[in-house]
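The chain contents come next:
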Amino acid sequence: MKLMRCPLNGERNISEFVCGGEVKAMPDPDKASDADWGRYLFFEDNPDGEIVEWWLHAPSSYWFIARRDTRTEAVLETMTVQEWRERQGTVGSGQAQGQSADSQAHGAQGTNG
Amino acid sequence: MPLSLLRYGLLGRRDSDAYFPPEPEFRTKAEVVIIGAGGHGCAAAYYLAKEHGVRDIMVLDKGYLGGGNTARNTTIIRSNYLTPEGVAFYKESVDLFRDLDRELGINLMYSERGHLTLAHTDAAMRTSRWRAEVNKHMGVDSELVYPDEIAKLCPQLNLSDGVRYPILGALYHPPGAIARHDAVAWGYAREATRLGVRFHQMTQAEGLLVEGGRVKGVVTGRGTIHCGKVLQAVAGSSSIVAKMAGLKLPIRTIPLQACVTEPVKPILDPIIVSGSLHAYISQSARGEFVMGGSTDPYPLYASRSTLDFKEGLMMHMLELFPFLAEMRLLRQWAGIADMTPDFSPVMGLTPVENYYIDAGWGTWGFKATPVSGKRMAECVATDRQPDLLAPFALDRFERFAPVGEKGAASVGH
(Lines give C-alpha, C1' and ligand atoms only; values in the text may rest on other atoms or scores of the structure.)
Protein backbone atom coordinates (compact mmCIF):
# COMPACT_ATOMS: atom_id res chain seq x y z
CA MET A 1 0.00 0.00 0.00
CA LYS A 2 1.40 3.37 -1.02
CA LEU A 3 1.15 6.04 1.65
CA MET A 4 1.09 9.80 1.53
CA ARG A 5 1.33 12.16 4.47
CA CYS A 6 -1.52 14.65 4.56
CA PRO A 7 -0.52 17.78 6.53
CA LEU A 8 -3.93 17.72 8.24
CA ASN A 9 -4.68 13.98 8.62
CA GLY A 10 -1.26 12.32 8.73
CA GLU A 11 -0.27 9.22 6.73
CA ARG A 12 -3.09 7.74 4.67
CA ASN A 13 -3.46 5.29 1.77
CA ILE A 14 -2.73 7.15 -1.46
CA SER A 15 -6.09 6.02 -2.85
CA GLU A 16 -7.68 8.58 -0.50
CA PHE A 17 -5.95 11.40 -2.38
CA VAL A 18 -6.61 13.11 -5.70
CA CYS A 19 -3.83 14.70 -7.72
CA GLY A 20 -4.79 18.28 -8.62
CA GLY A 21 -2.05 18.96 -11.15
CA GLU A 22 1.13 21.01 -11.29
CA VAL A 23 1.51 24.17 -9.27
CA LYS A 24 1.50 26.84 -11.96
CA ALA A 25 1.69 30.60 -11.97
CA MET A 26 -1.67 32.08 -12.89
CA PRO A 27 -1.48 34.98 -15.32
CA ASP A 28 -3.46 38.12 -14.53
CA PRO A 29 -6.99 37.27 -15.76
CA ASP A 30 -7.65 40.90 -16.70
CA LYS A 31 -4.53 41.25 -18.82
CA ALA A 32 -3.83 37.75 -20.18
CA SER A 33 -4.70 37.00 -23.80
CA ASP A 34 -6.88 33.99 -24.62
CA ALA A 35 -3.80 32.13 -25.82
CA ASP A 36 -1.95 32.84 -22.55
CA TRP A 37 -4.94 31.67 -20.56
CA GLY A 38 -5.16 28.49 -22.69
CA ARG A 39 -1.49 27.77 -22.09
CA TYR A 40 -1.98 28.29 -18.36
CA LEU A 41 -4.93 25.90 -18.27
CA PHE A 42 -3.73 23.12 -20.53
CA PHE A 43 0.06 23.15 -20.98
CA GLU A 44 2.17 21.19 -18.51
CA ASP A 45 5.81 21.13 -17.57
CA ASN A 46 5.36 17.36 -17.12
CA PRO A 47 8.92 16.71 -15.88
CA ASP A 48 10.53 13.30 -15.58
CA GLY A 49 11.82 13.91 -12.09
CA GLU A 50 10.84 16.29 -9.35
CA ILE A 51 7.38 17.86 -9.58
CA VAL A 52 5.40 20.17 -7.25
CA GLU A 53 1.65 19.53 -7.32
CA TRP A 54 -1.65 20.33 -5.70
CA TRP A 55 -3.13 17.31 -3.92
CA LEU A 56 -6.51 16.83 -2.27
CA HIS A 57 -7.31 14.58 0.64
CA ALA A 58 -10.75 13.70 -0.71
CA PRO A 59 -12.53 12.51 2.47
CA SER A 60 -11.73 15.78 4.26
CA SER A 61 -11.67 18.10 1.20
CA TYR A 62 -8.25 19.36 2.28
CA TRP A 63 -5.90 20.81 -0.37
CA PHE A 64 -2.14 20.86 0.14
CA ILE A 65 1.15 20.84 -1.77
CA ALA A 66 3.29 17.75 -2.47
CA ARG A 67 6.74 17.33 -3.98
CA ARG A 68 7.11 14.02 -5.83
CA ASP A 69 9.63 12.27 -8.08
CA THR A 70 7.86 11.04 -11.22
CA ARG A 71 10.62 8.56 -12.04
CA THR A 72 10.76 6.74 -8.71
CA GLU A 73 7.18 7.36 -7.51
CA ALA A 74 8.60 8.67 -4.22
CA VAL A 75 6.62 11.31 -2.33
CA LEU A 76 9.48 13.59 -1.32
CA GLU A 77 7.57 15.98 0.88
CA THR A 78 4.09 17.31 1.62
CA MET A 79 3.24 20.67 3.14
CA THR A 80 0.40 23.08 3.75
CA VAL A 81 -0.22 25.85 1.25
CA GLN A 82 0.93 28.27 3.95
CA GLU A 83 4.26 26.43 4.27
CA TRP A 84 4.67 26.41 0.50
CA ARG A 85 4.07 30.16 0.33
CA GLU A 86 6.63 30.80 3.04
CA ARG A 87 9.23 28.59 1.43
CA GLN A 88 8.66 29.67 -2.10
CA GLY A 89 11.83 30.68 -3.81
CA THR A 90 13.89 28.67 -1.34
CA VAL A 91 12.80 25.23 -2.55
CA GLY A 92 14.91 24.40 -5.56
CA SER A 93 12.19 22.89 -7.69
CA GLY A 94 12.50 25.26 -10.62
CA GLN A 95 8.73 25.53 -10.58
CA ALA A 96 7.07 28.86 -11.13
CA GLN A 97 10.01 30.88 -9.97
CA GLY A 98 9.58 34.61 -9.78
CA GLN A 99 5.85 34.38 -9.19
CA SER A 100 4.10 35.81 -6.18
CA ALA A 101 2.78 33.43 -3.56
CA ASP A 102 -0.71 34.81 -3.95
CA SER A 103 -0.91 34.07 -7.65
CA GLN A 104 0.19 30.52 -6.85
CA ALA A 105 -2.48 29.96 -4.28
CA HIS A 106 -5.23 31.34 -6.49
CA GLY A 107 -4.50 28.60 -8.98
CA ALA A 108 -6.05 25.95 -6.77
CA GLN A 109 -9.58 24.72 -6.81
CA GLY A 110 -10.58 26.26 -3.48
CA THR A 111 -7.44 26.49 -1.43
CA ASN A 112 -7.63 25.58 2.18
CA GLY A 113 -4.28 26.70 3.45
CA MET B 1 2.19 -21.85 -54.13
CA PRO B 2 1.88 -25.56 -53.31
CA LEU B 3 4.54 -26.35 -55.93
CA SER B 4 7.03 -23.90 -54.51
CA LEU B 5 6.30 -25.25 -51.07
CA LEU B 6 6.97 -28.80 -52.32
CA ARG B 7 10.20 -27.68 -53.95
CA TYR B 8 11.24 -25.89 -50.77
CA GLY B 9 10.61 -29.09 -48.83
CA LEU B 10 12.50 -31.34 -51.21
CA LEU B 11 15.46 -29.06 -51.83
CA GLY B 12 16.55 -29.35 -48.25
CA ARG B 13 17.82 -25.77 -48.15
CA ARG B 14 16.48 -23.89 -45.19
CA ASP B 15 18.17 -20.55 -45.58
CA SER B 16 15.99 -17.47 -45.83
CA ASP B 17 16.54 -13.74 -45.79
CA ALA B 18 16.85 -12.12 -42.42
CA TYR B 19 13.63 -10.27 -41.67
CA PHE B 20 15.61 -7.07 -41.30
CA PRO B 21 18.94 -6.42 -43.01
CA PRO B 22 21.91 -5.67 -40.73
CA GLU B 23 21.96 -2.11 -39.37
CA PRO B 24 23.40 0.29 -41.95
CA GLU B 25 26.40 2.48 -41.25
CA PHE B 26 25.57 5.47 -39.02
CA ARG B 27 25.78 8.62 -41.12
CA THR B 28 25.64 12.20 -39.92
CA LYS B 29 23.41 13.56 -42.66
CA ALA B 30 19.81 12.83 -43.61
CA GLU B 31 16.93 14.60 -45.22
CA VAL B 32 14.49 13.56 -42.48
CA VAL B 33 15.13 12.18 -38.99
CA ILE B 34 12.30 10.41 -37.21
CA ILE B 35 12.73 10.10 -33.44
CA GLY B 36 10.97 6.94 -32.26
CA ALA B 37 10.81 3.59 -34.07
CA GLY B 38 7.44 2.52 -32.76
CA GLY B 39 4.47 1.82 -34.99
CA HIS B 40 3.86 5.50 -35.71
CA GLY B 41 7.49 6.32 -36.54
CA CYS B 42 7.91 3.23 -38.74
CA ALA B 43 4.63 3.96 -40.54
CA ALA B 44 5.58 7.60 -41.14
CA ALA B 45 8.93 6.49 -42.60
CA TYR B 46 7.18 3.98 -44.86
CA TYR B 47 4.62 6.43 -46.25
CA LEU B 48 7.25 9.18 -46.66
CA ALA B 49 9.36 6.81 -48.76
CA LYS B 50 6.50 5.20 -50.66
CA GLU B 51 4.08 8.04 -51.31
CA HIS B 52 6.30 11.12 -51.20
CA GLY B 53 9.58 9.81 -52.60
CA VAL B 54 11.55 10.91 -49.51
CA ARG B 55 13.99 8.04 -48.97
CA ASP B 56 16.92 9.65 -47.18
CA ILE B 57 15.39 8.99 -43.76
CA MET B 58 16.94 7.93 -40.45
CA VAL B 59 14.68 6.46 -37.78
CA LEU B 60 16.18 6.52 -34.27
CA ASP B 61 15.04 4.69 -31.17
CA LYS B 62 16.51 4.73 -27.67
CA GLY B 63 15.42 1.09 -27.29
CA TYR B 64 14.30 -1.55 -29.74
CA LEU B 65 12.08 -1.20 -32.78
CA GLY B 66 8.47 -1.45 -31.66
CA GLY B 67 9.62 -2.05 -28.08
CA GLY B 68 7.68 0.71 -26.35
CA ASN B 69 3.94 1.25 -26.32
CA THR B 70 3.62 -0.57 -29.66
CA ALA B 71 4.35 -3.74 -27.72
CA ARG B 72 2.32 -2.76 -24.64
CA ASN B 73 -1.12 -1.81 -25.94
CA THR B 74 -4.10 -4.15 -25.91
CA THR B 75 -4.37 -4.16 -29.74
CA ILE B 76 -7.97 -2.97 -30.08
CA ILE B 77 -8.84 -1.30 -33.40
CA ARG B 78 -12.11 0.62 -33.84
CA SER B 79 -13.53 3.87 -35.18
CA ASN B 80 -16.64 4.40 -33.01
CA TYR B 81 -15.59 7.77 -31.62
CA LEU B 82 -17.74 10.69 -30.53
CA THR B 83 -16.78 13.78 -32.54
CA PRO B 84 -17.10 13.97 -36.36
CA GLU B 85 -13.40 14.95 -36.50
CA GLY B 86 -12.37 11.93 -34.45
CA VAL B 87 -14.62 9.50 -36.32
CA ALA B 88 -13.33 10.65 -39.75
CA PHE B 89 -9.73 10.24 -38.55
CA TYR B 90 -10.08 6.78 -36.97
CA LYS B 91 -12.26 5.57 -39.86
CA GLU B 92 -9.39 6.17 -42.26
CA SER B 93 -7.17 4.16 -39.91
CA VAL B 94 -9.55 1.19 -39.86
CA ASP B 95 -9.83 1.36 -43.68
CA LEU B 96 -6.02 1.25 -43.97
CA PHE B 97 -5.74 -1.55 -41.38
CA ARG B 98 -8.15 -3.77 -43.32
CA ASP B 99 -5.81 -3.84 -46.32
CA LEU B 100 -2.53 -3.67 -44.43
CA ASP B 101 -1.63 -7.41 -44.50
CA ARG B 102 -1.54 -7.27 -48.27
CA GLU B 103 0.23 -3.93 -48.48
CA LEU B 104 3.02 -4.92 -46.09
CA GLY B 105 3.19 -8.61 -46.96
CA ILE B 106 2.98 -9.70 -43.34
CA ASN B 107 0.27 -11.56 -41.46
CA LEU B 108 -1.15 -9.08 -38.94
CA MET B 109 -3.76 -11.63 -37.78
CA TYR B 110 -6.30 -8.85 -38.19
CA SER B 111 -9.44 -10.28 -36.64
CA GLU B 112 -12.80 -8.45 -36.73
CA ARG B 113 -14.57 -9.54 -33.57
CA GLY B 114 -17.18 -6.88 -33.06
CA HIS B 115 -16.86 -4.38 -30.23
CA LEU B 116 -19.41 -3.80 -27.45
CA THR B 117 -19.21 -0.73 -25.21
CA LEU B 118 -21.50 -1.54 -22.31
CA ALA B 119 -23.74 1.09 -20.74
CA HIS B 120 -24.77 0.74 -17.10
CA THR B 121 -26.36 4.15 -16.55
CA ASP B 122 -28.83 6.43 -18.33
CA ALA B 123 -25.96 8.84 -19.02
CA ALA B 124 -23.93 6.09 -20.67
CA MET B 125 -26.96 5.06 -22.75
CA ARG B 126 -27.29 8.65 -23.92
CA THR B 127 -23.61 8.81 -24.91
CA SER B 128 -23.92 5.46 -26.72
CA ARG B 129 -26.91 6.73 -28.70
CA TRP B 130 -25.02 9.92 -29.50
CA ARG B 131 -21.96 8.00 -30.68
CA ALA B 132 -24.10 5.63 -32.77
CA GLU B 133 -25.76 8.54 -34.57
CA VAL B 134 -22.48 10.40 -35.23
CA ASN B 135 -20.91 7.14 -36.43
CA LYS B 136 -23.77 6.34 -38.81
CA HIS B 137 -23.69 9.87 -40.17
CA MET B 138 -19.97 9.45 -40.90
CA GLY B 139 -20.45 6.05 -42.55
CA VAL B 140 -19.19 3.99 -39.60
CA ASP B 141 -21.11 0.88 -38.62
CA SER B 142 -22.38 1.36 -35.04
CA GLU B 143 -25.73 0.90 -33.36
CA LEU B 144 -27.29 0.91 -29.92
CA VAL B 145 -28.32 -2.58 -28.78
CA TYR B 146 -30.30 -3.76 -25.77
CA PRO B 147 -29.76 -6.74 -23.44
CA ASP B 148 -31.76 -9.20 -25.60
CA GLU B 149 -29.41 -8.59 -28.50
CA ILE B 150 -26.30 -8.43 -26.28
CA ALA B 151 -27.23 -11.93 -25.03
CA LYS B 152 -27.02 -13.20 -28.61
CA LEU B 153 -23.75 -11.40 -29.40
CA CYS B 154 -22.03 -12.41 -26.15
CA PRO B 155 -23.85 -15.16 -24.24
CA GLN B 156 -20.94 -15.37 -21.74
CA LEU B 157 -21.73 -11.94 -20.35
CA ASN B 158 -23.53 -11.73 -17.02
CA LEU B 159 -26.69 -9.80 -17.95
CA SER B 160 -28.45 -10.41 -14.64
CA ASP B 161 -29.84 -7.38 -12.84
CA GLY B 162 -28.71 -8.83 -9.52
CA VAL B 163 -25.38 -6.99 -9.73
CA ARG B 164 -24.12 -3.60 -8.59
CA TYR B 165 -24.18 -2.14 -12.14
CA PRO B 166 -26.69 -4.00 -14.37
CA ILE B 167 -26.14 -3.72 -18.14
CA LEU B 168 -28.80 -1.49 -19.73
CA GLY B 169 -27.51 -1.61 -23.30
CA ALA B 170 -24.40 -1.27 -25.42
CA LEU B 171 -22.88 0.53 -28.38
CA TYR B 172 -22.27 -2.27 -30.90
CA HIS B 173 -19.51 -1.66 -33.44
CA PRO B 174 -19.16 -4.71 -35.76
CA PRO B 175 -15.83 -3.61 -37.39
CA GLY B 176 -14.08 -3.60 -33.98
CA ALA B 177 -10.94 -5.74 -34.35
CA ILE B 178 -7.74 -6.93 -32.74
CA ALA B 179 -4.40 -7.51 -34.47
CA ARG B 180 -0.85 -8.55 -33.75
CA HIS B 181 0.66 -5.27 -32.68
CA ASP B 182 4.35 -6.14 -33.05
CA ALA B 183 3.79 -7.18 -36.65
CA VAL B 184 2.43 -3.74 -37.52
CA ALA B 185 5.74 -2.08 -36.56
CA TRP B 186 7.82 -4.89 -38.10
CA GLY B 187 5.88 -4.82 -41.36
CA TYR B 188 6.17 -1.06 -41.77
CA ALA B 189 9.85 -1.10 -40.81
CA ARG B 190 10.76 -3.88 -43.24
CA GLU B 191 8.97 -2.28 -46.16
CA ALA B 192 10.51 1.11 -45.27
CA THR B 193 13.94 -0.54 -45.16
CA ARG B 194 13.40 -1.93 -48.65
CA LEU B 195 12.72 1.61 -49.84
CA GLY B 196 16.01 2.84 -48.37
CA VAL B 197 15.05 4.04 -44.87
CA ARG B 198 17.81 3.51 -42.26
CA PHE B 199 16.86 2.32 -38.78
CA HIS B 200 19.16 2.82 -35.81
CA GLN B 201 18.09 1.13 -32.59
CA MET B 202 19.65 1.84 -29.19
CA THR B 203 20.33 5.37 -30.43
CA GLN B 204 18.83 8.01 -28.18
CA ALA B 205 18.15 11.56 -29.30
CA GLU B 206 19.89 13.63 -26.63
CA GLY B 207 19.33 17.07 -28.03
CA LEU B 208 18.16 19.08 -31.00
CA LEU B 209 19.96 21.74 -32.99
CA VAL B 210 17.59 24.66 -33.39
CA GLU B 211 18.83 27.86 -35.03
CA GLY B 212 16.68 30.87 -35.74
CA GLY B 213 13.48 29.00 -34.91
CA ARG B 214 14.29 26.23 -37.36
CA VAL B 215 15.49 22.70 -36.59
CA LYS B 216 18.88 21.80 -38.09
CA GLY B 217 19.84 18.50 -36.57
CA VAL B 218 19.60 15.84 -33.90
CA VAL B 219 22.30 15.17 -31.30
CA THR B 220 22.81 11.51 -30.39
CA GLY B 221 25.41 9.58 -28.43
CA ARG B 222 26.76 8.32 -31.77
CA GLY B 223 27.17 11.74 -33.33
CA THR B 224 25.16 14.71 -34.50
CA ILE B 225 22.91 14.20 -37.51
CA HIS B 226 22.43 17.24 -39.70
CA CYS B 227 19.05 17.11 -41.32
CA GLY B 228 16.33 19.15 -42.98
CA LYS B 229 13.34 17.95 -41.04
CA VAL B 230 12.62 16.16 -37.77
CA LEU B 231 9.51 14.25 -36.70
CA GLN B 232 9.07 13.22 -33.08
CA ALA B 233 6.90 10.14 -32.48
CA VAL B 234 7.90 9.02 -29.00
CA ALA B 235 4.65 8.42 -27.06
CA GLY B 236 5.46 8.42 -23.33
CA SER B 237 8.57 10.58 -23.75
CA SER B 238 6.79 13.29 -25.76
CA SER B 239 7.25 16.09 -23.23
CA ILE B 240 10.94 15.25 -22.73
CA VAL B 241 11.77 15.27 -26.44
CA ALA B 242 9.61 18.33 -27.14
CA LYS B 243 11.48 20.18 -24.39
CA MET B 244 14.68 19.72 -26.43
CA ALA B 245 12.98 21.73 -29.17
CA GLY B 246 11.90 24.33 -26.60
CA LEU B 247 8.26 23.26 -26.75
CA LYS B 248 5.81 22.79 -23.90
CA LEU B 249 2.95 20.35 -24.52
CA PRO B 250 -0.59 19.93 -23.20
CA ILE B 251 0.39 16.49 -21.92
CA ARG B 252 0.59 14.66 -18.60
CA THR B 253 2.51 11.41 -18.60
CA ILE B 254 0.61 8.67 -16.79
CA PRO B 255 1.07 4.86 -16.72
CA LEU B 256 -1.59 2.59 -18.18
CA GLN B 257 -1.59 -0.95 -16.84
CA ALA B 258 -2.79 -4.16 -18.48
CA CYS B 259 -2.59 -7.90 -17.93
CA VAL B 260 -3.27 -11.28 -19.58
CA THR B 261 -4.45 -14.59 -18.22
CA GLU B 262 -3.06 -17.99 -19.10
CA PRO B 263 -4.33 -19.17 -22.52
CA VAL B 264 -7.48 -21.27 -22.84
CA LYS B 265 -9.65 -22.48 -25.71
CA PRO B 266 -11.65 -19.82 -27.60
CA ILE B 267 -14.70 -18.79 -25.60
CA LEU B 268 -15.01 -15.01 -25.95
CA ASP B 269 -15.48 -13.66 -29.48
CA PRO B 270 -16.36 -9.94 -29.20
CA ILE B 271 -14.30 -7.24 -27.53
CA ILE B 272 -16.11 -6.06 -24.39
CA VAL B 273 -15.57 -2.59 -22.93
CA SER B 274 -17.23 -0.87 -20.01
CA GLY B 275 -16.50 2.81 -19.50
CA SER B 276 -18.47 2.98 -16.27
CA LEU B 277 -16.65 -0.01 -14.78
CA HIS B 278 -13.23 1.08 -16.13
CA ALA B 279 -12.59 -2.32 -17.71
CA TYR B 280 -12.10 -3.96 -21.07
CA ILE B 281 -11.37 -7.50 -22.23
CA SER B 282 -10.78 -9.52 -25.39
CA GLN B 283 -9.47 -13.02 -26.07
CA SER B 284 -6.33 -13.09 -28.18
CA ALA B 285 -5.72 -15.52 -31.04
CA ARG B 286 -3.46 -17.38 -28.61
CA GLY B 287 -6.33 -17.81 -26.15
CA GLU B 288 -5.21 -15.37 -23.48
CA PHE B 289 -7.73 -12.93 -22.03
CA VAL B 290 -6.22 -9.49 -22.50
CA MET B 291 -7.55 -7.06 -19.90
CA GLY B 292 -7.03 -3.44 -19.03
CA GLY B 293 -8.54 -0.56 -17.15
CA SER B 294 -8.14 3.16 -16.76
CA THR B 295 -4.88 5.02 -16.44
CA ASP B 296 -3.21 5.39 -13.05
CA PRO B 297 -4.50 8.17 -10.79
CA TYR B 298 -1.42 10.43 -11.03
CA PRO B 299 1.46 11.28 -13.42
CA LEU B 300 4.49 9.01 -13.41
CA TYR B 301 7.29 7.96 -15.76
CA ALA B 302 7.64 4.50 -14.18
CA SER B 303 6.13 1.38 -15.75
CA ARG B 304 5.58 -0.43 -12.46
CA SER B 305 2.44 -2.45 -11.68
CA THR B 306 0.19 -1.97 -8.68
CA LEU B 307 -2.15 -4.14 -6.65
CA ASP B 308 -4.73 -1.31 -6.69
CA PHE B 309 -5.04 -1.69 -10.44
CA LYS B 310 -5.61 -5.45 -10.32
CA GLU B 311 -8.06 -5.31 -7.42
CA GLY B 312 -10.11 -2.55 -9.05
CA LEU B 313 -10.13 -4.22 -12.45
CA MET B 314 -10.92 -7.75 -11.27
CA MET B 315 -13.73 -6.61 -8.97
CA HIS B 316 -15.65 -5.34 -12.00
CA MET B 317 -14.43 -7.99 -14.43
CA LEU B 318 -15.79 -10.80 -12.25
CA GLU B 319 -19.16 -9.10 -12.21
CA LEU B 320 -19.19 -9.10 -16.03
CA PHE B 321 -17.67 -12.59 -16.46
CA PRO B 322 -17.99 -14.67 -13.26
CA PHE B 323 -16.30 -17.67 -14.96
CA LEU B 324 -13.02 -15.74 -14.98
CA ALA B 325 -12.70 -16.41 -11.25
CA GLU B 326 -11.10 -19.74 -12.21
CA MET B 327 -8.46 -18.10 -14.41
CA ARG B 328 -4.92 -17.29 -13.39
CA LEU B 329 -3.04 -14.17 -14.43
CA LEU B 330 0.00 -14.88 -16.56
CA ARG B 331 1.59 -11.47 -17.09
CA GLN B 332 1.09 -7.85 -16.21
CA TRP B 333 2.77 -4.71 -17.48
CA ALA B 334 2.39 -0.98 -17.95
CA GLY B 335 2.91 1.51 -20.74
CA ILE B 336 3.72 5.18 -20.29
CA ALA B 337 0.85 7.12 -21.82
CA ASP B 338 0.96 10.78 -22.87
CA MET B 339 -2.50 12.01 -21.89
CA THR B 340 -4.02 15.18 -23.37
CA PRO B 341 -6.82 17.20 -21.73
CA ASP B 342 -9.35 16.36 -24.49
CA PHE B 343 -8.30 12.70 -25.06
CA SER B 344 -7.29 13.46 -28.66
CA PRO B 345 -3.79 13.44 -30.15
CA VAL B 346 -1.50 16.39 -30.87
CA MET B 347 -0.33 16.18 -34.47
CA GLY B 348 1.29 18.24 -37.17
CA LEU B 349 3.22 21.50 -37.39
CA THR B 350 4.89 23.11 -34.37
CA PRO B 351 6.14 26.66 -33.70
CA VAL B 352 9.64 25.34 -34.58
CA GLU B 353 10.11 25.32 -38.35
CA ASN B 354 10.60 21.91 -39.96
CA TYR B 355 9.88 20.22 -36.62
CA TYR B 356 6.78 18.05 -36.61
CA ILE B 357 5.03 16.34 -33.75
CA ASP B 358 3.02 13.13 -33.41
CA ALA B 359 2.14 12.97 -29.71
CA GLY B 360 -0.65 12.89 -27.18
CA TRP B 361 -1.48 9.30 -28.00
CA GLY B 362 -2.47 8.45 -24.46
CA THR B 363 -4.40 5.20 -24.50
CA TRP B 364 -5.58 5.35 -28.14
CA GLY B 365 -2.39 5.18 -30.23
CA PHE B 366 -2.20 1.67 -31.67
CA LYS B 367 -5.48 1.84 -33.57
CA ALA B 368 -4.30 5.03 -35.28
CA THR B 369 -0.92 3.69 -36.42
CA PRO B 370 -1.61 3.58 -40.20
CA VAL B 371 -3.46 6.90 -40.46
CA SER B 372 -0.94 8.71 -38.25
CA GLY B 373 1.93 7.42 -40.35
CA LYS B 374 0.22 8.33 -43.59
CA ARG B 375 -0.90 11.81 -42.58
CA MET B 376 2.23 12.74 -40.66
CA ALA B 377 4.24 11.71 -43.75
CA GLU B 378 2.05 14.08 -45.78
CA CYS B 379 2.59 16.81 -43.20
CA VAL B 380 6.38 16.37 -43.21
CA ALA B 381 6.63 16.13 -47.00
CA THR B 382 4.42 19.15 -47.77
CA ASP B 383 5.12 21.24 -44.65
CA ARG B 384 1.37 21.79 -44.42
CA GLN B 385 -1.18 20.60 -41.88
CA PRO B 386 -3.29 17.99 -43.74
CA ASP B 387 -7.04 18.66 -43.59
CA LEU B 388 -7.67 15.47 -41.64
CA LEU B 389 -5.18 16.61 -38.96
CA ALA B 390 -6.37 20.23 -38.77
CA PRO B 391 -8.57 19.61 -35.69
CA PHE B 392 -5.61 17.98 -33.85
CA ALA B 393 -3.13 20.88 -34.20
CA LEU B 394 -1.05 21.78 -31.15
CA ASP B 395 -2.44 25.33 -31.04
CA ARG B 396 -6.05 24.16 -30.58
CA PHE B 397 -5.59 24.55 -26.83
CA GLU B 398 -4.70 28.21 -27.25
CA ARG B 399 -7.82 28.67 -29.39
CA PHE B 400 -10.05 26.79 -26.93
CA ALA B 401 -10.98 24.33 -29.68
CA PRO B 402 -10.53 20.90 -28.07
CA VAL B 403 -11.66 17.68 -29.76
CA GLY B 404 -13.43 16.16 -26.77
CA GLU B 405 -13.17 12.38 -26.99
CA LYS B 406 -13.20 11.53 -23.29
CA GLY B 407 -16.50 9.69 -23.68
CA ALA B 408 -15.12 7.50 -26.45
CA ALA B 409 -11.34 7.29 -26.21
CA SER B 410 -10.75 5.62 -22.89
CA VAL B 411 -12.37 3.88 -19.99
CA GLY B 412 -11.02 6.27 -17.39
CA HIS B 413 -13.91 8.64 -16.87
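Note: the structure precedes this text.
Below is a summary of the structure that appears in this document. Predicted model only: the values in this text are computed from it and were never measured.

All names here are of chain A. In spatial order, the strands read E3-E4-E5-E6; together these four strands make up an open sheet with antiparallel pairing. Edge strands, defined here as strands with exactly one partner in the open sheet, are strand E3 (17-22) and strand E6 (75-79). The average undirected angle you get between the axes of adjacent strands in this sheet is 30 degrees. Taken together, the four bridges between strand E5 (residues 62-69) and E6 define a ladder with antiparallel strand orientation. Residue Ala66 lies in a different strand from E6, and its bridge partner there is Thr78.

Our focus in this paragraph is helix H5 (residues 122-137) of chain B. Residue and element names in this part refer to chain B. End to end, H5 covers 23 Å across 16 residues, agreeing with the expected 22 Å (1.5 Å per residue, within 8%). The set of residues buried in H5 consists of Ala124, Thr127, Ser128, Arg131, Ala132 and Asn135. Here the buried residues of H5 occupy an arc of 140 degrees about the axis, which is enough to place them on one side. Facing away from the buried side of H5, by more than 90 degrees, are the exposed residues Asp122, Ala123, Arg126 and His137. If you follow the buried residues of H5, they end up packed against helix H3 (84-98), strand E5 (115-119), strand E6 (143-145), strand E7 (169-173) and helix H11 (406-409).

Turning our eyes to something else, we now look at helix H9 (residues 307-320) of chain B. Residues and elements named next belong to chain B. In a regular helix each residue adds 1.5 Å, so 14 residues correspond to 20 Å; H9 covers 20 Å between its end C-alpha atoms and thus fits that length. For H9, the complete set of buried residues consists of Phe309, Leu313, Met317 and Leu320. Residues of H9 that are buried make contact with strand E13 (252-261), strand E14 (271-274), strand E15 (279-283) and strand E16 (289-295).

What counts and how
Residues numbered from 1 in each chain as written. Chains lettered and ligands numbered in written order. Predicted model: local features only at pLDDT ≥ 70, side-chain atom pairs only at ≥ 80, totals over all residues. Pairing = 2+ DSSP bridges. Helix = DSSP H or I, 4+ residues; strand = E, 2+ residues; numbered from the N terminus. Axes fitted to C-alpha atoms, helices over the stretch in contact; angles between N-to-C directions. Expected span 1.5 Å × (residues − 1). Buried ≥ 20, exposed ≤ 12 C-beta atoms within 10 Å, placed from the backbone. Arc of directions from axis to C-beta. Contact = placed C-beta atoms within 7 Å.

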